[in-house]
Amino acid sequence: MFRFLTAGESHGPCLTIVVEGLPAGLQVEKALVDADLRRRQGGYGRGGRMKIEKDEIRFLSGVRHGKTLGSPITMQIENRDWVNWEERMNAAPVEAEMETVTRVRPGHADFTGAIKYGQDDVRNIIERSSSRETASRVAIGGLCRQFLAQFGIEIHSHVLSVVNIGYEEERALTPEGYSPEMWEAVEASPMRCASPELTEKMIARILEAKRAGDTCGGVFEVVAFGVPIGLGSYSQWDRRLSTRIGMALMSIPSTKGVEIGAGFGATRKTGSQVHDVLRRSSEGAWSHLTNNAGGIEGGISNGEPIVARVGVKPIPSLAHPLPSVDLATGENIDQSRYERSDVCVVPAAGVVGEAMLTAVLTEAMLEKYGGDSMEEMLRHYRA
Ligand SMILES: Cc1cc2nc3c(=O)[nH]c(=O)nc-3n(C[C@H](O)[C@H](O)[C@H](O)COP(=O)(O)O)c2cc1C
Ligand SMILES: C=C(O[C@@H]1CC(C(=O)O)=C[C@@H](OP(=O)(O)O)[C@H]1O)C(=O)O
C-alpha cells in the first residue's frame, strides 16, 4: 500500500514527510526532488517568505546509496524562517508575553479553525493551515515523478488564466495540443504560461491587484502523458481514478473547483460533439480522435493524456484587509489582520497539482502492477 503523511508548522523548525510503499531498488536523485521544490517556490506574485526559504530535502530514512530500500522514506525540509520564530513557536512554555492573533482573515482557516479547535490565539491555526505544507507534497511528488518515469509517465502543469486574463480559444486536449517546446516555454515563463503575451498581461494584472492591496486567483491545468489503459475502476465509488484525482486536487489549499477533460464545457455541448471516437491501428494500437474525457472513461484510464483543470481562489490575506470580527472582543471590525503574504500563487499551485497527480498515479500503478522491488514491478508491467 502506498501512503504518505506530512507534518510541520509553517514557522516551526522543519517539515517532515513519511512516504511508505515505494518498491525497493528505485533510483532516486535528491537533486530532482529539489528542482521541483524550486519550481514551487517560483512564479510571479509570491511574497517575502520565498526570499527567505531555499527548500531542499534531506533524506532521513528509506534510501541508501541513491536507491530506495522498500522501508518508509522520511524526508525533512528546513524552515529557514524558524530562526526568526524560535521563541514564538517554541514547543516549551516561554516566559515572555506573546502577541495573540484575534482578527480573523476572511477566506483563510482563521475563523473555522479557531472555533473548531477552541483557540483564542489564531496563530495556533495559521501555522498548520498555511500552504507551507504544500512543499512537503511537492517533495513526495518529486519521488513519485522518478518512479513514474520508469514506466514512461510524465507530468506537467501550466497556467491557463489569472483573474480575467487567459486563453480565449478552447485549447485542444489531444496530444497535439501539447509539445516539448510548449513545456519549455512554460518552464521559462514567470507565470508558468506558454504564451509570452499572456504572461505579460497576467503579470500586469497581478501588479495592479498588488498596488490596490488586493490578490488574484486563476486556473491551472495538469497533464499526465504515457498513462497505461486500465488504472482505477468503476467497481466502487472510491476506486474511480476520477474520484481519486478529484480528491487529490481538491486538497490543495485554495482550490475551489476541478474539471476533468472538457469538464463543465462538455455540458454545453451534445453527445455527438463530446464523446471521443475510438480507433485501432493496423498494429493494434488504441487511440481516440479527441480527448474530451481527459483520459478517463468509466473511472478507468483510457490511454489518452489525463487532463485536469483546477480553479484557485484569490489569496485571503489582503494588504487592504476586508471587514471581520475580533474574536477576543466579539466586535465587528473594519479591517481584519494583514499577515505578510503572497499576491498570486497559481503557478506554484500548478506545481503542487503535479505532485498530487503523481501521487495518485503512483498509487494506481502500484495497485495494478504491484511488486516489492522495481525489478519485480517492471517485470509485471512489461508482461
Ligand atoms: C502555494 C500556496 C501559497 C499560499 N500563500 C498564501 C499566502 O501567502 N497568504 C494567504 O493568505 N494564503 C495563501 N495561500 C492560500 C491559503 O493557504 C488558503 O487560502 C487557505 O489554506 C484556505 O484555503 P481553503 O479555504 O481553500 O482551504 C497559499 C496557497 C498556496 C497553494
Ligand atoms: C511559506 C509558504 O507559503 C506561505 C503560505 C501562507 C498561507 O497562509 O498559506 C502564508 C505565507 O506564509 P508567511 O506568513 O510565513 O510568509 C506564505 O509564505 C510556502 O509556500 O512555502
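Note that the structure is predicted; figures quoted are calculated from it, not measured. (Residues numbered from 1 in each chain as written. Chains lettered and ligands numbered in written order. Predicted model: local features only at pLDDT ≥ 70, side-chain atom pairs only at ≥ 80, totals over all residues.)

A.B. asks: Describe the pairing of strand S7 (residues 154–162), and please don't skip the residues or the numbers.
C.D. replies: Of all 9 residues that make up S7, 8 are buried, and the element is covered over most of its length. Two strands pair when backbone bridges link them, and S7 and strand S9 (residues 218–225) are joined in this way by 8 bridges, in the antiparallel orientation. Counterpart to Ser 161 in the pairing with S9 is Val 219. Note that S7 and strand S8 (residues 165–166) share 2 bridges and pair antiparallel. Residue Val 162 lies in a different strand from S8, and its bridge partner there is Ile 165. Count of turn residues in the S7/S8 antiparallel hairpin: 2 residues, of which Val 163 carries a positive phi of about 45°. (Buried ≥ 20, exposed ≤ 12 C-beta atoms within 10 Å, placed from the backbone. Helix = DSSP H or I, 4+ residues; strand = E, 2+ residues; numbered from the N terminus. Pairing = 2+ DSSP bridges.)

A.B. asks: So what's going on with the UniProt feature "binding site: FMN" (unreviewed entry) in the protein chain? Which residues, and what values?
C.D. replies: Here the UniProt-annotated "binding site: FMN" (unreviewed entry) positions come out as Arg 128, Ser 129, Ser 130, Gly 298, Lys 313, Pro 314, Ile 315, Pro 316, Ser 317 and Arg 340. In summary, the annotated positions, distributed over 213 residues, remain apart in three dimensions as well, the widest C-alpha pair reaching 44.6 Å. As for its placement among the helices and strands, Ser 129 is situated in helix H4 (residues 123–129). Since 18 C-beta atoms lie within 10 Å of it, Ser 129 is described here as partly exposed. Counting through the fold element by element, Ser 317 comes out in the loop between strand S15 (306–312) and strand S16 (324–325). Owing to 20 C-beta atoms within 10 Å, Ser 317 belongs among the buried residues under this scheme. Contact partners of Ser 317, with chain neighbours within four places excluded, come to Arg 105, His 108, Tyr 338, Glu 339 and Ser 341. (UniProt positions renumbered as here; feature names shortened; annotations may be inferred. Contact = placed C-beta atoms within 7 Å.)

A.B. asks: Can you explain the sheet that holds strand S3 (residues 57–61)? Please cite residues and give values.
C.D. replies: Spatially, the 4 strands line up as an open sheet ordered S1-S2-S6-S3, and their pairing is antiparallel. Of all the strands in the sheet, just strand S1 (3–7) and S3 have a single pairing partner and so form its edges. Strand-to-strand twist in this sheet, taken as the mean axis angle between neighbours without regard to direction, amounts to 20°. Direction of pairing for strand S2 (residues 14–20) relative to strand S6 (residues 73–78): antiparallel, over a ladder of 6 bridges. Directly across from Val 18, in S6, lies its bridge partner Thr 74. (Axes fitted to C-alpha atoms, helices over the stretch in contact; angles between N-to-C directions.)

A.B. asks: For the site of ligand 2, give the residues involved together with the corresponding values.
C.D. replies: Surrounding ligand 2, one finds 13 residues, the nearest of these being Arg 49, Ser 130, Ser 131, Arg 132 and Arg 340. A per-class count over the shell around ligand 2 returns 1 nonpolar, 6 polar and 6 charged. (Near = placed C-beta within 6 Å. Nonpolar A, V, L, I, M, F, W, Y, C, P; charged D, E, K, R; others polar.)

A.B. asks: Describe in detail the UniProt feature "binding site: NADP(+)" (unreviewed entry) in the protein chain, supporting the description with residues and values.
C.D. replies: The sites that UniProt annotates as "binding site: NADP(+)" (unreviewed entry) are Arg 40 and Arg 46. One can find Arg 40 in helix H1 (residues 30–41). Residue classification places Arg 40 among the buried residues on the basis of 27 C-beta atoms within 10 Å. In contact with Arg 40, not counting residues within four places along its chain, are Thr 134, Ala 135, Val 138, Ala 348, Val 351 and Val 352. Locating Arg 46 in the fold gives a position in the loop between H1 and helix H2 (49–52). Look at Arg 46 and you get partly exposed, because 19 C-beta atoms sit within 10 Å.

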